[in-house]
Amino acid sequence: MARRATFSRRVTMTAITWVLAFAIFFPILWMIQTSFKSELDAFALPPKFFNFHWTTENYSVVQDRSDYFRFALNSIILSGGATLLGLLVGIPAAWSMAFAPTKNTKQVLLWMLSTKMMPATGVLIPIYVLYQWLGWFDTHIGLIIILFLGNLPIMIWMLYTYFKEIPGEILEAARMDGATRWKEIVYVLAPMAVPGIASTVLLNVILSWNEAFWTLNLTTTTAAPLTAFIASYSSPEGLFWAKLSAASTLAVAPILILGWFSQKQLVRGLTFGAVK
Amino acid sequence: MSITSLKPLNLTFPDTWWRRNQMWVTPLLLLLPAAVVFTIFVIIPIFQSITLSFYDWDGINPKKWVGFSNYTELFGDEVFWKAIFNNIWWLFAFMLGPVFGLALALFLNQNVRGIRLAKSLFFFPFVISQVVVGLVFGWFFNSQFGLLNELLSHFGVEPLALIEGENTATFVVILAGLWPQVSYCMILYLTGLTAMNGEVIEAARMDGAKGWNLLWHIILPQLRPATFIAVVVSVVGALRSFDLVSIMTLGGPYNSSTVLAYMMYEQTFLNFRYGYGAAIATVLFIIMDVYIAFFLYSMLKREAR
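This write-up is about the structure you can find in this document. (Residues numbered from 1 in each chain as written. Chains lettered and ligands numbered in written order. Predicted model: local features only at pLDDT ≥ 70, side-chain atom pairs only at ≥ 80, totals over all residues. Heavy atoms only, no water.)

Quick look at the overall build of chain A
Summing up its helical and strand segments, chain A has 13 helices and zero strands in all. In chain A, the succession of helices and strands from N to C terminus is α-α-α-α-α-α-α-α-α-α-α-α-α. Here the C-alpha radius of gyration of chain A, 23 Å, is well above what a compact globule of 276 residues would show, namely 19 Å. Taken along the three principal axes of its C-alpha coordinates, chain A extends 75 × 70 × 30 Å. Counting over 276 residues, chain A shows a buried share of 56%. A fraction of 74% describes how many contacts in chain A between residues 6 or more apart in sequence connect residues 24 or more apart. With the model as given, the accessible surface of chain A reaches about 12,300 Å², and the carbon-plus-sulfur share is 69%. Averaging the coordinates of the 19 positive side-chain charges in chain A and doing the same for the 13 negative ones gives two points 14 Å apart. (Helix = DSSP H or I, 4+ residues; strand = E, 2+ residues; numbered from the N terminus. Rg over C-alpha atoms; globule rule 2.2 N^0.38 Å. Buried < 20%, exposed > 50% of the residue type's maximum accessible area, 1.4 Å probe, protein only. Contact = heavy atoms within 4.5 Å. Areas by Shrake-Rupley, 256 points an atom, 1.4 Å probe, with all protein chains shown as cover. Lys, Arg positive; Asp, Glu negative; His and termini not counted. Charge placed at Lys NZ, Arg CZ, Asp CG, Glu CD.)

Given below as structure tokens:
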């Protein structure tokens, strides 16, 4: 770290770093550039790398054939709804664990996090039956609830680690000044908790956006988000690589852009606030 | 009940009770919504699933009690053992995520030109959907049109049918899963490394700690929170195997790349055997419970130290 590196060593390190980064990123890059190829170029052997005729035709075909914007809107509704609901339930829960802990709080938290390790498959059948009975199959509300539940443990855990960083003395001071619990939350805690909440929101939007198990199993058309949109391209028309790439690029584009601009908060979110 | 007898209660009791007890009642009230939804959508379905595994049901006609026969059939089912075997492979292979992630992070934790952009490139695989990961990798390994065979042909290697091969399909799918997992773990460790106390490392260096010793005794202990999260997310990731299997291979060829989650899906929704599917889910649960119990136990023990 503090050791001085020789010039040649630095050059080698830089080169290796960039080769590694390129290798890791290559699949995404390949997908994006293929989406601008004609179907013929997509199949060309040896593969063409940037030296092909660029076209945006795939994108218009994909939109015409399967209405990308409807799926994208569903993705926004589902991930937004699930995250909002998660905040509504998660903030109070995390708050009470962070500021009114009992000696079992840590156990409860770990247990909650461990339920995230449970395979979702285990509850698929009862949920499926329940949803048919409630008429929630392929509806926004049904999907929002299940996505929200899937991420709730992670949300509470994250919010908890953020809330714990808020110094207790501030609460004491507020209490001395006669603040009730409610006022404490609204005027003292909330402003300090905003950055943590923002990171939690970002991570949860991304997790819900990418969730495939529930969205593939519990939707058909009305509430189907982008994951279902790509999956529908993979099966019957599996050999149209350029169009498939265009569809995939469209599906990941919002998240890639969001991820690019919010990397810092996201990294904090991805590490569950546990790694500082 | 007369009004006069209630009146003093109404005026004073609820008020003071609330005042006296709000410090512990408020947290309970705040935890309540989480507990309620959790019970309805997680705890109850788990028990329903277990109950259902003792029935024969096609989803439409009345359920028929069959006792343990779903289980006896399951334990005699070759596909089931294949699936369990593959699940174990997934779990083991995913433990490579933290290892590779740490290696990459140690390497990237330096100041080279454009390191920030390089880090961003490492970061992207994690944020994209598993469905897309599955598609891209499936295409890369496709024996007819895949890039892999094209690359190999330049070195004079015969085309390989890895994703279509009975012995190799699972590993191709696992590789696809590891791609975002490694980058995730790398981010975790990188964040941990950046925040690490440099003085301790310098001090250890002065005392002559180098290489493996430095890593094992000085750096790794400080990265313990990162390791904890990395292992947790890797296990979670290994269990998401369903997404990739259903996108890349549909459990094939000949069920060789199936996992318990996918087998359950197949039996339940394609063969309409809800009870049999529930039995598979229950087995998956029991396996995970053992794992989780072990995990919780070791975490709490560590915490107590």
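Observations regarding the packing of aromatic side chains
Tallying each qualifying case throughout the model produces 35 aromatic pairs over all chains. Ring geometry for F36 of chain A and W54 of chain A: centres 5.5 Å apart, planes at 35°, overall tilted. Taken together, the positions of F36 of chain A in the loop between helix 1 (7-34) and helix 2 (39-43) and W54 of chain A in the loop between helix 2 and helix 3 (57-66) put the pair 18 residues apart, joining distant regions of the chain. Since its relative accessible area comes to 21%, F36 of chain A is described here as partly exposed. One aromatic cluster in this structure is built from Y128, F137, F213 and W214 of chain A together with W57, F242, Y262, Y265, F269 and Y274 of chain B. For R70 of chain A, the ring lying beneath its charged end belongs to F71 of chain A, and the centroid distance is 4.9 Å. (Phe/Tyr/Trp six-rings, centres within 6.5 Å; stacked < 30°, edge-to-face > 60°. Lys NZ or Arg CZ within 6 Å of the ring centre and 35° of its normal.)

Looking at empty space enclosed by the protein
Following the criterion strictly, the structure yields seven cavities of 30 Å³ or more and no others. Its volume calculated, the largest cavity comes out at about 770 Å³. Along the wall of the largest cavity there are 42 residues; nearest its centre are K116, M118, A120 and G150 of chain A together with V236 of chain B. Top element by residues in the lining of the largest cavity is helix 7 (residues 140-164) of chain A. It accounts for seven residues. Residue classes in the lining of the largest cavity are distributed as 31 nonpolar, seven polar and four charged. For the second largest cavity, the calculated volume is near 90 Å³. Residue lining of the second largest cavity: I206, L207 and N210 of chain A together with F126, I128, Q130, P180, Q181 and R240 of chain B, and that is the complete set. Considered class by class, the residues forming the lining of the second largest cavity number five nonpolar, three polar and one charged. (1 Å grid on protein atoms, 1.4 Å probe; cavity = no way out; pocket = protein on both sides within 12 Å on 5 of 7 lines; lining within 4 Å. Points joined across faces, edges and corners; volume = space filled by probe spheres on them. Nonpolar A, V, L, I, M, F, W, Y, C, P; charged D, E, K, R; others polar.)

What to know about the environment of F228 of chain B
Residues and elements named next belong to chain B. Relative to the helices and strands, F228 resides in helix 11 (residues 224-239). Take F228: its relative accessible area is 12%, and that puts it in the buried class. Distance in space between the C-alpha atoms of F228 and P98 is 9.6 Å, their sequence separation being 130 residues.

Describing the interface of chain A and chain B
Interface size is commonly expressed as the accessible area that is lost once the parts come together. In this complex, chain A contributes 90 residues to the contact, which on the side of chain B involves 92 residues. Carbon and sulfur atoms make up 83% of the area that chain A and chain B hide from each other, which totals about 8,400 Å². Across the chain A-chain B interface, the total number found is zero salt bridges. Counting across the chain A and chain B interface gives three residue pairs in polar contact (both at pLDDT 80 or more). (Buried area = accessible area lost by both parts, 1.4 Å probe. Salt bridge = Lys/Arg side-chain N within 4 Å of Asp/Glu carboxyl O. Polar contact = N/O pair within 3.5 Å; in protein donor to acceptor, adjacent residues only side chain to side chain.)

Examining unusual backbone geometry
Residues and elements named next belong to chain B. One non-glycine residue, Y254, adopts positive backbone phi at about 50°. If you trace the backbone, Y254 turns up in the loop between helix 12 (241-248) and helix 13 (260-270). Relative accessible area serves as the criterion here: at 72%, Y254 is assigned to the exposed category. With a phi close to 60°, N255 is a non-glycine residue in the positive phi region. Position of N255 among the secondary structure elements: in the loop between helix 12 and helix 13.

Re the pattern of salt bridges
All names here are of chain B. Under the criterion given, the structure shown has one salt bridge over all chains. Ionic pairing is found between E73 and R273, a salt bridge with its closest N-O pair at 2.9 Å. Here the residue E73 occupies a position in helix 2 (residues 69-75), and R273 occupies one in the loop between helix 13 and helix 14 (274-304), the gap between them amounting to 200 residues. On the basis of relative accessibility, which here comes to 36%, the residue E73 falls in the partly exposed class.

With respect to the nonpolar core
By size, the foremost hydrophobic cluster in this structure holds 187 residues, and its most contacted members are I156, F163 and F229 of chain A together with W90, V127, I128 and M248 of chain B. A total of 17 residues in this core trace back to one element, the largest contributor, which is helix 7 of chain A. Once residues within four sequence positions are removed from consideration, I156 of chain A is found in contact with G90, A93, A94, M97, L109 and M112 of chain A together with A34 of chain B. (Core = buried A, V, L, I, M, F, W, Y, C linked by side-chain atoms within 4.5 Å.)

Some words on the side chain of T215 of chain A
All names here are of chain A. Inspection of the secondary structure assignment puts T215 in helix 10 (residues 213-218). In this structure the side chain of T215 is engaged in a polar contact, spanning 3.2 Å, whose partner is the backbone oxygen of A212. Beyond its immediate stretch of four places on either side in the chain, T215 contacts L143, P225 and T227.

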